[in-house]
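Examination of the molecular architecture
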Amino acid sequence: MKQDSIRQHPVFSENKLKLGVFAFNGGNNARTLIPERYKFSWDNSVDVATQADLSGFEAIVPYARYRGFVRASHPSAFAFDNFTWTSAIAAQTHQSCVMSTCHVMNFHPILVAKTAATLDHISRGRFALNIVCGWYDKENEMFGHPDLDHDERYAYADEWVTIMKRLWTEEEEFDFEGKYFKVTGAMSQPKPLQKPYPVLMNAGGSPQGRAFVAKHCDIAFVRSDSFEMVNGETTAYRQLARDQHGREIQVWATCACILGDTEADAEAFAARCREHADSEFINYYLSQRRNMTPEALAALRDKYAMGGSGYILKGNKNQVADQILKLSQAGLDGILLTWVDFQNGIRRFNRDVIPLLKEAGLRQN
Ligand SMILES: Cc1cc2nc3c(=O)[nH]c(=O)nc-3n(C[C@H](O)[C@H](O)[C@H](O)COP(=O)(O)O)c2cc1C
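What comes next concerns the included structure.

Cut-off values and rules
Residues numbered from 1 in each chain as written. Predicted model: local features only at pLDDT ≥ 70, side-chain atom pairs only at ≥ 80, totals over all residues. Heavy atoms only, no water. Near = heavy atom within 4 Å. Polar contact = N/O pair within 3.5 Å; in protein donor to acceptor, adjacent residues only side chain to side chain. Areas by Shrake-Rupley, 256 points an atom, 1.4 Å probe, with all protein chains shown as cover. Helix = DSSP H or I, 4+ residues; strand = E, 2+ residues; numbered from the N terminus. Nonpolar A, V, L, I, M, F, W, Y, C, P; charged D, E, K, R; others polar. 1 Å grid on protein atoms, 1.4 Å probe; cavity = no way out; pocket = protein on both sides within 12 Å on 5 of 7 lines; lining within 4 Å. Points joined across faces, edges and corners; volume = space filled by probe spheres on them. Buried < 20%, exposed > 50% of the residue type's maximum accessible area, 1.4 Å probe, protein only. Pairing = 2+ DSSP bridges. Right-handed = clockwise from strand over helix to strand, strands pointing away. Contact = heavy atoms within 4.5 Å. Patch = residues over 30% accessible without salt bridge, like charges linked within 9 Å, V, L, I, M, F, W, Y side chains within 5 Å. Salt bridge = Lys/Arg side-chain N within 4 Å of Asp/Glu carboxyl O. Lys, Arg positive; Asp, Glu negative; His and termini not counted. Charge placed at Lys NZ, Arg CZ, Asp CG, Glu CD. Phe/Tyr/Trp six-rings, centres within 6.5 Å; stacked < 30°, edge-to-face > 60°. Expected span 1.5 Å × (residues − 1). Disulfide = S-S within 2.5 Å. Core = buried A, V, L, I, M, F, W, Y, C linked by side-chain atoms within 4.5 Å.

1. Some words on the site of the ligand
Surrounding the ligand, one finds 21 residues, the nearest of these being Ala-64, His-150, Tyr-154, Gly-205 and Ser-206. His-150 is positioned with one of its side-chain polar atoms (N or O) 2.8 Å from an oxygen atom of the ligand. Within the backbone of Ala-203, a nitrogen or oxygen atom sits 3.0 Å from an oxygen atom of the ligand. Notes on the ligand: free accessible area 620 Å², of which the protein chains cover 84%. When contributions to the shell around the ligand are tallied by element, the ones reaching two or more residues are β3 (97-103), β4 (127-132) and α5 (150-169). Of the residues contributing to the shell around the ligand, the split by class is 10 nonpolar, 9 polar and 2 charged.

2. Regarding the layout of surface pockets
Of the volumes computed, that of the second largest pocket is approximately 230 Å³. Of all the secondary-structure elements, those providing two or more residues to the lining of the second largest pocket are β9 (250-259), α8 (263-275) and α12 (342-359). Among the residues forming the lining of the second largest pocket, the class breakdown is 7 nonpolar, 3 polar and 4 charged.

3. Focus on the pairing of β3
With respect to burial, β3 is a largely interior element, 7 of its 7 residues being buried. Neither face of β3 is exposed, since Cys-97, Met-99, Thr-101 and His-103 on one face and Val-98, Ser-100 and Cys-102 on the opposite face are all buried. Note that strand β2 (residues 59-61) and β3 share 2 bridges and pair parallel. Paired with Ala-59 across the strands is Cys-97, a residue of β3. Each parallel crossover has a hand, and for β2 linked through helix α2 (residues 82-92) to β3 it is right-handed. Inspection of the sheet shows β3 paired to β4 by 6 bridges, in the parallel sense.

4. As for the side chain of Glu-233
For Glu-233, the position within the fold is in helix α7 (residues 227-245). If we ignore the near neighbours within four places in the chain, the residues touching Glu-233 are Arg-210, Val-222 and Arg-223.

5. Observations concerning a negative patch on the surface
A contiguous patch of negative charge on the surface is contributed by Glu-171, Glu-172, Glu-173, Asp-175 and Glu-177. Structurally, Asp-175 can be placed in strand β5 (residues 174-177). When its relative accessible area of 54% is taken as the criterion, Asp-175 is described as exposed.

6. Digging into the pattern of salt bridges
On inspection of all chains with the given rule, the structure shows 19 salt bridges. Of the charged contacts in the structure, one is a salt bridge between Lys-303 and Asp-225, with a shortest N-O distance of 3.0 Å. Here the residue Lys-303 occupies a position in helix α10 (residues 294-305), and Asp-225 occupies one in the loop between β8 (219-221) and α7, the gap between them amounting to 78 residues. With a relative accessible area of 36%, Asp-225 lands in the partly exposed category. Of the charged contacts in the structure, one is a salt bridge between Arg-274 and Asp-302, with a shortest N-O distance of 3.0 Å. Of this pair, Arg-274 sits in helix α8 while Asp-302 sits in helix α10, and the two are 28 residues apart along the sequence.

7. Observations regarding the packing of aromatic side chains
Evaluated as defined, the whole model comprises 25 aromatic pairs. When the centroid spacing of 4.9 Å and the interplanar angle of 50° are considered together, the rings of Tyr-156 and Phe-181 count as tilted. Of this pair, Tyr-156 sits in helix α5 while Phe-181 sits in the loop between β5 and β6 (182-186), and the two are 25 residues apart along the sequence. The class of Tyr-156 is buried, set by a relative accessible area of 12%. Centre to centre, the rings of Tyr-285 and Tyr-304 are 5.2 Å apart; their planes meet at 75°, and the pair counts as edge-to-face. Of this pair, Tyr-285 sits in helix α9 (residues 279-288) while Tyr-304 sits in helix α10; the two residues are 19 residues apart in sequence, bridging distant segments of the chain.

8. Notes on α5
Given a rise of 1.5 Å per residue, 20 residues ought to cover 28 Å, and the 29 Å separating the end C-alpha atoms of α5 matches this to within 8%. Residues of α5 that are buried include every one of Arg-153, Tyr-154, Tyr-156, Ala-157, Glu-159, Trp-160, Val-161, Ile-163, Met-164, Lys-165, Leu-167 and Trp-168, and no others.

9. Here we look at the state of the cysteines
Scanning the model with the defined rule gives 0 disulfides in all. Unpaired in this structure, Cys-255 has its nearest cysteine sulfur neighbour in Cys-257, at a distance of 8.4 Å.

10. Focus on the pairing of strand β10 (residues 311-315)
The buried count for β10 comes to 4 of 5 residues, which makes it a mostly enclosed element. Here 5 bridges tie β9 to β10, and the two strands are oriented parallel to one another. If you follow Cys-255 over to β10, its bridge partner there is Tyr-311.

11. Things to note about the environment of Ala-241
By secondary structure assignment, the location of Ala-241 is in helix α7. When the C-alpha positions of Ala-241 and Glu-228 are compared, they lie 20 Å apart, and in sequence the two are 13 residues distant. Setting aside residues no more than four positions away along its own chain, Ala-241 makes contact with Ala-214, Gly-246, Arg-247 and Ile-249.

12. Some remarks on the nonpolar core
Residues Leu-129, Trp-160 and Phe-349 are the most contacted members of the largest nonpolar core, which totals 78 residues. With 9 residues, the single largest contributor to this core is α5. The residues touching Trp-160, leaving out its near neighbours within four places in the chain, are Cys-102, Val-104, Phe-107, His-108, Pro-109, Val-112, Leu-129, Ile-131 and Phe-181. One finds Val-11, Phe-12, Ala-59 and Cys-97 within the second-largest nonpolar core, a separate group that totals 13 residues.

Any functional reading would require information beyond the geometric quantities listed.
Shown next as structure tokens:
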């Protein structure tokens, strides 16, 4: 965490366990084809964001996707642009952090420095940037990007974010010449409201991704297949940031939520999702993921069939609240939630689970 950052930013809230909602700016979650699944649209985006904002979620996080999977007409190809979507969501909300996800290779840092500063003003200091290096080869090819391998993309991102931080903090124009960027007489005004600059997130899991987060970011993401895994990963991640850069970071994980009136209801819903899994999509998607063990791929396949990823919160309200408590005890600062049906899902979560999280001392509001 940036020690001198303005602490009013929502992700620095007093709540022990922060909440976020993820990826409802597009159709990427259509990994199951059950009729209740979320239908992405602007109005439905506003509906979900409003529910999150009213119930005090710390973060609203869109994903960035330029190329779908399977075919161009597949629901996974449909996603709103992040910066314009975030700008309008910022104007419709009052409390939550509004984030944009940005692929470093698709946008020049001078452009993003100004866009992010503008969004920080529009949101009155609630903006955050999710920096991604891109893992989807076909998407990179679509842009005709230079063929940088995985590790080099993080080296590129290091220069990218260094230029942006200087644009956000330096009053005088400057020159920068690195391996990937040469900028001359660079300047950007206005500066962001957040000082020294907006909250930064990166969800990289590789050693290069972790090194990047430890050096530059405020929020990291870890895999969360089990509580033990979360515990090991959060401890190691925090230690890395402290040892390498003397920095404190928050550690979050993604969670898909399947909440039923009873445990049996939740299991029945999960079973229906599996029955209607969009296998064509899941097969294609997993074929694009590199550097994953067969075990990790198999686990992901089953989660995707239930419409989610990350830790699967499943059961009645007490069971779901208990699982969240255990994730917090394992070391997480926050969870980023998805639902197969975002609109109904977030309403039920707010009604049934948040009061239990308050009782457990995880949230004050
Ligand atoms: C919460 C979260 C959000 C992410 N958002 C995106 C996204 O919008 N677009 C994208 O291409 N990748 C996204 N990713 C993928 C990561 O940026 C990263 O590429 C991936 O976790 C692999 O890590 P690595 O790059 O260190 O190998 C996201 C991952 C997580 C956990």
